[in-house]
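Observations on the three-dimensional arrangement
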Amino acid sequence: MCGIAGIVGPPAAEAAGPLAEMVRRLRHRGPDGSGLRSEGNVHLGHTRLSIRDLSPLGAQPMGDGPGAPCITYNGEVYGVDPLRGWLSSRGRTLRSRTDTEVVLRLYEEVGRSLLGRLNGMFAFALWDPGARRLLLARDRLGIKPLFYAFTPGALYFASEVKAILAAMGRVPPLRPDGIAQYLVQGYVNAPDTIFAGIRSLPAGHLLDLPVPAEGPPAPAEPEEWWDVPFRGEGDTDPAAWVEEVGALLQDATSLQMESDVPLGAFLSGGVDSSVVVGAMARKAGGGFHTVSLDQPGTALSEGAKARAVAARLGTVHHAIESGPEGAGRFFDLLRHFDVPFNVSSLLNAWLVSAEARRWVTVALSGDGGDELFGGYGWYLGDAARRAASGGPRLPGALAGLLPEDLRGAARLRALARGEFELVHERDHALGRGTAERMTGASLRGWEEEARRVHGRHGRNPLERAMYFDLKRFLPDQVLAKVDAASMAVSLEVRPPLLDHRLVELAARIPVEAKIRDGRGKLPLRALLARCAPAAVLDQGKVGFEAPLHRWAVPGGAPAMARELSSGSCRWRGWLDPAVVSPLLDAVRSPGLLRVPRAGFAWSLLLFERWLAGGGADSAAPGGAP
């Protein structure tokens, strides 16, 4: 895994310093080497984490010299030998064993249609001087990130926002609607970011940009190059799908085990990570490193299950514990993350990544199983089944009496309105209307886009929910968390369950073959029975969260509210105190509303700490975009 960066528009003398600083800011993503390359008004940078062909032949940016296509690439393409053979048959000579060179040569043969031939995770920029075109592309599922900003003088792009901010030499103002998105759900959906003018390339999208001989390319909107319809058809018996799922998972796992550096896996003891490690054991026979995290004394404890699976499969297992003493690290992680991010499992992802990096450079994970096979609780409960069947819901008049900012009220109101809100308005920290009044922004466009995505595919509400999560929740929350946490310690994480062939297969499986009697992931559970001890088979979903709001602030929610009530807090420059203050008063006062509103206090505290010490410490309301 690596870091990529680029500037398009200014001459080389003007771009050299900012590009070097972009690469320096991405050093944690690629500590094994770095490179810069300029041609005319196009300037590419790279930091390398060496995974395949550790020799200098794998150095980037990669190209044959002036006038030839050149690429800066972050990711892994699996199973490249057939592609290498095809390229050789076309007369192409490949000098390295890297997948990077395969991508470059494929472009030279087939242009941008190369994307459909790649099986992997990637984000790259490919400059074609002959055609004067720049191709920016992101993988199908959004496993690897890519951010960009069109400005009057330059196009900037990079693997992380901090590199773009460094090159721009200023911090743009925050977007009020981005702040509102964060307050409602804890993160911001692509293509938005919280910064005005900085965008995230959505999963499965590309930018194909004509570049003039002088100056930057004109702003353009991303094009979607891949999608996966969820339209389950065929046998509704879970057993009918087990062999096909198992064969594809085994092939995907075997391909993703290709590496020239030590490789291991995350192993929580849950269904998804256990079936991946089981497939690894069938390929390698055990003896590789696995890592788990335990939170003893909480309902999130999975240490015993992870140890049992590791013993059964013969892995070299390493278990670490997380508790209140580690909560302070979360604020440090937010400063690294570039944007406010109210996802407590970021801490746990960083802890297991840091431990794994002691032993390996590449780790396989179980990410994707919940979205593909129906593992989340919101797919499984009685409310979801009633919505899916058109059954009775909470009366609208009763739902309307609930305070908008009451945690959990959004879900109850959702049941009164219909299926979309069931998946869209989960237990958010804040209601949409309150967030809009607090920021002065409108979330109408955000919600309209969410409705469009939700209604795009699926025969029934649960299929539409899984598609929605695959397109928005997975890339913008789950995978963003894993990328930030793992790359902070220079660890490459590969998710076999997100092999696009397996994703496309899962989308064809009827929801009735994934979920039955309140249990999801039925095909994966059948595979788990082949590799796990009986004690771990009958398990429900256990989250990867950490109870940070109870750990991080001595005195709990009232102490958070007191800190946030200070007149010197930076949030006052972005949020309306007349809306915020009553919520904080409720948190400080005894009563039933303290606990629900503590979720908002924690979200606001993270925003405040991020403003004070993170990427936006010089941002000011009303600044120039």
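Let us look at the structure shown here.

Thresholds applied
Within each chain, residue numbers correspond to sequence positions counted from 1 in written order. pLDDT decides what is reported in this predicted model: residues at 70 or higher carry local features, side-chain atom pairs at 80 or more are listed and counted, and totals for whole chains, interfaces and linings draw on all residues regardless. With hydrogens and water set aside, each side-chain value is computed from the structure's full complement of heavy atoms. Two rings belonging to Phe, Tyr or Trp (six-membered ring only in the last case) form a pair when the distance between their centres is within 6.5 Å. Interplanar angles under 30 degrees mark stacking, angles over 60 mark edge-to-face geometry, and anything in between is tilted. Strands here are runs of E lasting at least two residues and helices are runs of H or I lasting at least four, both read from the DSSP assignment and numbered beginning at the N terminus. Only protein chains enter the accessibility calculation, which uses a 1.4 Å probe; a residue is then buried when its area is under 20% of its type maximum, exposed when over 50%, and partly exposed in between. Comment: the charge-over-ring label is applied if NZ (Lys) or CZ (Arg) is within 6 Å of the ring centre and within 35 degrees of the ring normal. When a carboxyl oxygen of Asp or Glu lies within 4 Å of a side-chain nitrogen of Lys or Arg, that pair is called a salt bridge. When DSSP locates at least two bridges between a pair of strands, those strands are taken to pair. We call two residues in contact when some of their heavy atoms are within 4.5 Å. To obtain each axis, a line is fitted to C-alpha atoms, and for helices this fit is confined to the stretch in contact; angles are then taken between N-to-C directions over 0 to 180 degrees. Each nonpolar core is a collection of buried residues, namely Ala, Val, Leu, Ile, Met, Phe, Trp, Tyr and Cys, held together in the definition by side-chain atoms within 4.5 Å.

Brief notes about the packing of aromatic side chains
Enumeration according to the criterion identifies 11 aromatic pairs in this entry. Between the aromatic rings of Y182 and F607, the centroid separation amounts to 6.1 Å while the plane-to-plane angle is 35°, which identifies the pairing as tilted. With a gap of 425 residues between them, Y182 in helix α5 (residues 176-185) and F607 in helix α25 (residues 594-613) connect regions that are remote in the sequence. The residues Y182 and F607 share a single accessibility class, namely buried. Both rings, one in Y376 and one in Y379, keep their centres 5.9 Å apart while their planes meet at 55°; by these two values the pair is tilted. Take Y376 and Y379: they sit in the same class, and that class is buried. Taken together, the ring pairs connect Y73, F122, F124 and W225 into an aromatic cluster. The ring of W86 carries R117 above its face, with NZ or CZ at 4.6 Å from the centroid.

Let's talk about the pattern of salt bridges
As enumerated under the stated definition, the model contains 43 salt bridges in all. One salt bridge in this structure joins R52 and E76, with 3.2 Å as the shortest N-O distance. Of this pair, R52 sits in the loop between β3 (42-48) and β4 (62-63) while E76 is found in strand β5 (residues 70-77), placing the two residues 24 residues apart along the sequence. Note on E76: relative accessible area 3%, which makes it buried. R508 is the salt-bridge partner of E244, the closest N and O atoms lying 3.6 Å from each other. Within this pair, whereas E244 is found in helix α6 (residues 239-256), its partner R508 is found in helix α20 (residues 500-508), the two being separated by 264 residues in sequence. One network of salt bridges, in which partners are shared, links D64, R90, R92, R95, E101, R105, E108 and E109.

A closer look at the pairing of strand β8 (residues 147-150)
Neither face of β8 is left uncovered, since the one carrying F147 and A149 and the one carrying Y148 and F150 both have all their residues buried. Between β8 and the antiparallel strand that follows it, strand β9 (residues 155-158), lie 4 residues.

Quick look at the sheet that holds strand β12 (residues 223-224)
Pairing in this open sheet of 6 strands is antiparallel, and the strands run β4-β5-β6-β7-β11-β12 from one edge to the other. Edge positions in the open sheet fall to β4 and β12, since each of these has one partner strand only. As paired elements, strand β6 (residues 120-128) and strand β7 (residues 133-138) share 6 bridges and run antiparallel to each other. The residue of β7 that forms the bridge with W127 is L134. Most of the contacts of helix α3 (residues 99-110) go to β5, to which it runs at about 125°, and overall it touches β4, β5 and β6.

Things to note about the pairing of strand β11 (residues 205-210)
Most of β11 is tucked away: 5 of the 6 residues are buried. Relative to β11, β7 is paired through 5 bridges, and the arrangement is antiparallel. Looking at the pairing, A137 lines up with L206 of β11. Here β11 pairs with β12 via 2 bridges, running antiparallel. Looking across to β12, one finds that L206 is bridged to E223.

Quick look at the nonpolar core
The biggest cluster of nonpolar side chains holds 178 residues, and the ones touching the most others in it are F124, F195, L575, W602 and F607. With 14 residues, the single largest contributor to this core is helix α19 (residues 461-487). Core analysis: the second largest hydrophobic core is formed by 19 residues, V42, A123, L155 and L207 among them.

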